[in-house]
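Structural overview
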2 protein chains.
Amino acid sequence: MKARRETRPVLVGDVAVGGGAPISVQSMTTTNTGDPAETLAQIARLHHAGCEIVRVAIPRADVLAGFETICQESPIPVIADIHFDHRLAIEAAKRGAAKLRINPGNIGSSERVDAVIEAAGEAGIPIRIGVNAGSMADEYRDMDWPLAEKLTASAVAFCEHFESRGFSDIVVSAKASSVNATIDAYRALADQVPYPLHIGVTEAGTALSGTVKSAVGLGTLLVGGIGDTLRVSLTADPVEEVRVGWEILGSLDIRRRSPELVSCPTCGRCEVDLIGIAKEVEERLRERRTPIKVAVMGCIVNGPGEAREADIGIAGGKGIGLLFAKGQPLRKVPESEIVEALMSEIDRLESAAD
Amino acid sequence: MKARRETRPVLVGDVAVGGGAPISVQSMTTTNTGDPAETLAQIARLHHAGCEIVRVAIPRADVLAGFETICQESPIPVIADIHFDHRLAIEAAKRGAAKLRINPGNIGSSERVDAVIEAAGEAGIPIRIGVNAGSMADEYRDMDWPLAEKLTASAVAFCEHFESRGFSDIVVSAKASSVNATIDAYRALADQVPYPLHIGVTEAGTALSGTVKSAVGLGTLLVGGIGDTLRVSLTADPVEEVRVGWEILGSLDIRRRSPELVSCPTCGRCEVDLIGIAKEVEERLRERRTPIKVAVMGCIVNGPGEAREADIGIAGGKGIGLLFAKGQPLRKVPESEIVEALMSEIDRLESAAD
C-alpha cells in the first residue's frame, strides 16, 4: 500500500476527515427526512453498525423542521444533501447541519453557490463539493472528453471558485457508476487539490454488484493511498453499506471494528457444515470489539497449519471440530458444540486482553 | 487501467489462459470427488452460472475412479487439486485431468516433484504452481521475510526448478488470506515470471467478507493489468464464487456475461420499493446475454438524467415508474407492473439486436 496522501483537515461535527484522521465510514438514510422519529431510528441502527457520519436528503422545504430535530438528537454528525435549490442548503446550515453536500453544477448561478458558501461560513461548517457523473453542469456534460476528465475538471473548477470566495473548508468527491472512471477521476483529483476526498462509486447497484463495484473501486484507491472518508452506495438496507464499508477498510488492514474472520471455501475434503458455522460465527463476532483473528477451517489436515496466524480457530473433522490457538491444537468438540466452544475461547481471550 | 501484462499462453482443455486470452472464471467443487453424480451435478450448476474451468480435490486414492468419470463427462475442463501425495497427481494426470494444481512445497522431495512434472509432460497438460501462505515449504515459512516476499521467492524458485526440467507449461499463483500480501506477491511475480497468473485471495471468508476481500485484491491487481484467470474463494455455495468473479470482471468492463445493472441506493426521495424491484431485475437479467445497460433509479427527478447512458431503465415516482431509454422518457406504468414492463422493453431491445 502507498502511504496515505496528505490533505488539509476538515471537521464534520466532532469527526475529523483528512489531515491524517482515521478513514471514516458514512452512509445515507433512506427514510423521509420530514419524519424525524423514523429517520432517527434508522440513524440509530446505522450508528450501531459503525456508521460515523450520516447524510440525509433535503428534497423540499417541508422536511426542514424534521431535519432540525434530527440534527439535535442524532448520535453522529448529520450532513444535509441538497440538489437544485440553494435556499434549502442555506436553511439546512442554519438548522444544525454538520456539513452541506451540494453539487454546485446543479445549484444554478454562481450567485446562488456564493450564498451557500456564505451560509456555511457563518455556520462554521464544511461543504462537500459532490460532483457526480449524472448531475454535472451542462458545460462539462456536453464536452467531448473522457468522463473522468470531465468530473475532475468540474470538481477542480468548483474548488477554485470556493477558494476565490475565501472558503477552503472543503471535502471533494467525483463519483461515477463506472468504476474505471471513478478510479481515474479520484487519482487525478488527488494530484490537483489539497482537500480531503470522500470516495464512493455512485449507483453501484444491488447488494452483490454494488458491493463488488465499491470494493474494487474504493479498494484500488485506498491501496494507492487515496481516500479520507467513504460511502458505499447499495440498493439495499443502508446498514449493509456500513458493513461493506468496514469490510473494505478491514480487508486492507486499514481499520477494523470487529475481530477478523478467515474461513476456507470448503472443498471435497470438508465433513462439517462449514458455511453454517462460519455464518453464525461472523454474525456473533460483529458485536465484538477485540482486535483478534479467528479462523474457521473445513479440514483437520490443513486447518491449523493454514490458519497458523489466527489467535483462535476451529478445523472441521468427521462430525467434530478441533479447536486450536495460534496453530496449536487445544481439544476436540462435537460438531453441534463448535460455535459455542469457539465463542467461549474468544470470551477467554477477550477477558485476558482486558 | 494499465494494459494487460503479456504472458505465455497455456491451454487448460480447450480454454486458453494467458497469451491475451479472455480472463477466465474458475471455481472449485465442494462435493465428494468420489461421488461423480453429485460432483457433476454441482459442475453443471457452476457451468450454468458461468464457470469456465473447474477444480476438484483429490484427497485420497479412492476418489480417482470418480475423478476419471468426472473428467469424461464434465462440460468444462477439470483441474485436479493435490496436496502432499505426488502419486495422486500422477494418477490424476493419467485419468484425464486438464491441468494439475500442486503446491510443490508440500509434495515432498524434488524427486517427487519431478515425477509429477514427468507425468504432466506425458499427458500434455499444464501444472499450476499454487503457492499458498498456509502451505509454504518449511524453508520459506520459517524465514524472517515479509509474507509476500516469501510467497514470491517460493513461487519463483519452483518455476526455475520446473524450467530446469524442461517444463514451462506453467500457471502460477501465490495466495494469502491477507489482501495486502496477496497484492504485493502478485505484483512481484508479474515482474519476475513470464507465465500466466491465476489470481485469488485464499480463505477469504464468508459471502460478505470474502466477496469484499476478493474484489479489493483481485480488482486492484486487474486495474494494474495483472491476472489471467481468477478464482474467488468463499465459504458459501461455489455458484456464488462464479457470480462474484463475473461481477469483478464486469465492474472494470473487462468482460461481462449478462446485461449491466446500475441502480441507485435510494434515499429520502424514493417512493417505490426500489430494493425489491432491483433484486428481481438482477435475478432476471442473470439469464440474459445481451450486452446492454439497464438502470433502476429511485426518483423521477434525477433518475433519467443520472442514468443517461443506460439503454433502458425505470425511475420511480409515487406508486409509479417512468420507463426511459437513453435518458428519454417512454411512458409511465403502475408500480406493480414496473418489472414486467422493463423486461418487455429489454425483450424488444434484444430482438432488435438479433
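Described in the following lines is the structure provided in the data block. (Residues numbered from 1 in each chain as written. Chains lettered and ligands numbered in written order. Predicted model: local features only at pLDDT ≥ 70, side-chain atom pairs only at ≥ 80, totals over all residues. Heavy atoms only, no water.)

Brief notes about the side chain of E241 of chain B
By the element assignment, E241 of chain B lies in helix 9 (residues 238–251). Of the residues examined, E241 of chain B reaches a relative accessible area of 1% and is grouped as buried. Engagement of the side chain of E241 of chain B in a polar contact is seen with the side chain of R231 of chain B, the distance being 3.1 Å. Not counting residues within four places of it along the chain, the set of residues in contact with E241 of chain B comprises P265 of chain A together with S27, M28, R231, V232, S233 and L234 of chain B. (Helix = DSSP H or I, 4+ residues; strand = E, 2+ residues; numbered from the N terminus. Buried < 20%, exposed > 50% of the residue type's maximum accessible area, 1.4 Å probe, protein only. Polar contact = N/O pair within 3.5 Å; in protein donor to acceptor, adjacent residues only side chain to side chain. Contact = heavy atoms within 4.5 Å.)

Here we look at the interface of chain A and chain B
Each side of the interface is counted separately: chain A has 71 residues, and chain B has 71 residues. Note on chain A versus chain B: buried area summed over both sides is about 5600 Å², and carbon and sulfur give 57% of it. Applying the counting rule to chain A against chain B returns two salt bridges. Here E260 of chain B makes a salt bridge to K213 of chain A, at a shortest N to O gap of 3.9 Å. (Buried area = accessible area lost by both parts, 1.4 Å probe. Salt bridge = Lys/Arg side-chain N within 4 Å of Asp/Glu carboxyl O.)

As for the pattern of salt bridges
All names here are of chain B. In this structure the tally under the stated criterion is 52 salt bridges over all chains. Between R101 and D81 there is a salt bridge, with its nearest N and O atoms 3.1 Å apart. Separated by 20 residues along the polypeptide, R101 in strand 6 (residues 99–102) and D81 in strand 5 (residues 78–82) bring together distant segments of the chain. Among the ionic pairs, R243 bridges to E240, the shortest N-O distance being 3.1 Å. Residue R243 and its partner E240 are both found in helix 9; the two are separated by three residues, about one turn of the helix. Judged by its relative accessible area of 27%, E240 is partly exposed.

Details of the environment of R348 of chain B
Relative to the elements of secondary structure, R348 of chain B occurs in helix 12 (residues 338–353). A relative accessible area of 54% places R348 of chain B in the exposed class.

A closer look at helix 12 of chain B
If you check helix 12 of chain B, its first and last C-alpha atoms are 23 Å apart, about what 16 residues at 1.5 Å a residue would give, namely 22 Å. Three or more residues of helix 12 of chain B are buried, namely I338, V339, A341, L342, M343, E345, I346 and E350 of chain B. (Expected span 1.5 Å × (residues − 1).)

Focus: the layout of surface pockets
Space inside the largest pocket adds up to approximately 840 Å³. What lines the largest pocket is a set of 45 residues, among which E247, R256, P259, E260 and L261 of chain A lie closest to the centre. Of all elements in the fold, only helix 1 (36–49), helix 9 (238–251), strand 11 (260–263), helix 10 (274–285) and helix 11 (303–306) of chain A together with helix 6 (147–164) and helix 8 (207–223) of chain B reach the threshold of two or more residues within the lining of the largest pocket. A per-element tally of the lining of the largest pocket places helix 9 of chain A first, with seven residues. Of the residues that constitute the lining of the largest pocket, the class distribution is 15 nonpolar, eleven polar and 19 charged. (1 Å grid on protein atoms, 1.4 Å probe; cavity = no way out; pocket = protein on both sides within 12 Å on 5 of 7 lines; lining within 4 Å. Points joined across faces, edges and corners; volume = space filled by probe spheres on them. Nonpolar A, V, L, I, M, F, W, Y, C, P; charged D, E, K, R; others polar.)

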